[in-house]
Amino acid sequence: MTERQATIASSSGLHARPAKLFVSAVQEKGIPITISRAGGAELNAGSILALMGLGASKGAVVTLRSDAEGAEQALDELVALLETDLDAE
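Attention here is on the structure that accompanies the text. Since we're looking at a predicted model, the values are computed, not measured.

**Considerations on the environment of S57**
Mapped onto the secondary structure, S57 falls in the loop between α2 (48–54) and β4 (61–66). Sequence separation between S57 and S12 is 45 residues; the distance between their C-alpha atoms is 6.0 Å. The residues contacting S57, other than those within four sequence positions of it, are I8 and G13.

**As for helix α1 (residues 16–29)**
Between its first and last C-alpha, α1 extends 21 Å over 14 residues, near the 20 Å set by a 1.5 Å rise per residue. If you check which residues of α1 are buried, you get P18, A19, F22, V23, A25 and V26. Along the axis of α1, the buried positions cluster into a sector of 160 degrees, meaning they face one direction only. Facing away from the buried surface of α1 by more than 90 degrees, the exposed residues are K20, Q27 and E28. Along its buried surface, α1 packs onto β2 (34–37), α2, β4 and α3 (71–82). Once α1 ends, the next one or two residues include G30, with phi positive near 70 degrees.

**Focus: α3**
Residues spaced three or four apart along an α-helix point in a common direction, a consequence of the helix completing one turn every 3.6 residues. Taking 1.5 Å as the rise per residue, α3 with 12 residues should run 16 Å; its terminal C-alpha atoms sit 16 Å apart, in good agreement. On its buried face, α3 sits against β1 (2–7), α1 and β4.

**Considering the sheet that holds β4**
Sheets are built from strands that pair by backbone hydrogen bonding, the pairs being arranged parallel or antiparallel. Taking strand neighbours across the sheet as the criterion, the four strands line up as β1-β4-β2-β3 in an open arrangement whose pairing is antiparallel. The strands lining the two open edges of the sheet, one partner per strand, are β1 and β3 (43–44). As paired strands, β1 and β4 are joined by six bridges and run antiparallel to one another. Bridge pairing links T2 to S66 in β4. On top of the sheet, α3 reaches β1 and β4; it is set at about 5 degrees to β1, its chief contact.

**Considering the nonpolar core**
Grouped together as the largest cluster of nonpolar side chains are 24 residues, with contacts concentrated most on L14, F22, I35, V62, L64 and L78. When contributions to this core are tallied by element, the ones reaching two or more residues are α1, α2, β4 and α3. Ranked by residue count, the leading element in this core is α3, at six residues.

Parameters and conventions
- Counting restarts for each chain: residues are numbered from 1 in the order of the written sequence.
- Per-residue local features of the predicted model are confined to residues with pLDDT of at least 70, and side-chain atom pairs are confined, for both listing and counting, to 80 or more; whole-chain, interface and lining totals are unaffected and use all residues.
- Working from all heavy atoms in the structure, the side-chain values ignore hydrogens and water.
- Numbered from the N terminus, helices here are DSSP runs of H or I no shorter than four residues, and strands are runs of E no shorter than two.
- Here, two residues are considered to be in contact whenever any of their heavy atoms come within 4.5 Å of each other.
- What a helix should span is 1.5 Å times the count of its residues minus one.
- Under the scheme applied here, a residue whose accessible area is under 20% of the maximum for its type counts as buried, over 50% as exposed, and between as partly exposed, the area being computed with a 1.4 Å probe on protein chains only.
- This arc corresponds to the set of directions leading from the helix axis out to the C-beta atoms.
- DSSP calls a pair of strands paired once it identifies at least 2 bridges connecting them.
- Between N-to-C directions, angles cover 0 to 180 degrees, with each direction set by a line fitted to C-alpha atoms, over the stretch in contact for helices.
- Nonpolar core, defined: a set of buried Ala, Val, Leu, Ile, Met, Phe, Trp, Tyr and Cys residues in which side-chain atoms within 4.5 Å join the residues together.

Below is the structure:
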C-alpha cells in the first residue's frame, strides 16, 4: 500500500472547481485511489460526491492511498495538485 499526506491549499477546500480538477486528475491516472481525513472513512478519490462529502477545507490534512502498480508517482502528482491553490486562475 502506498500512502501520501497532503495539506489542501485551495481556499474552498475540496468543493466546486478544486474538487472537479482533482477528480479529473484521479480519473486520468486510471488506478483506484482513496482519500480520507484523520480518523475518517476512506472515500473514493475519483468521485466528486465523495470528495465534496469529505468536507475538507483549506489547511486540512488528507491521506491518499492506493495499492495499484504505479501508485507512487500518481500519488505524488496528486499531492502536488492538492497543495496548489486550485482556485487561482
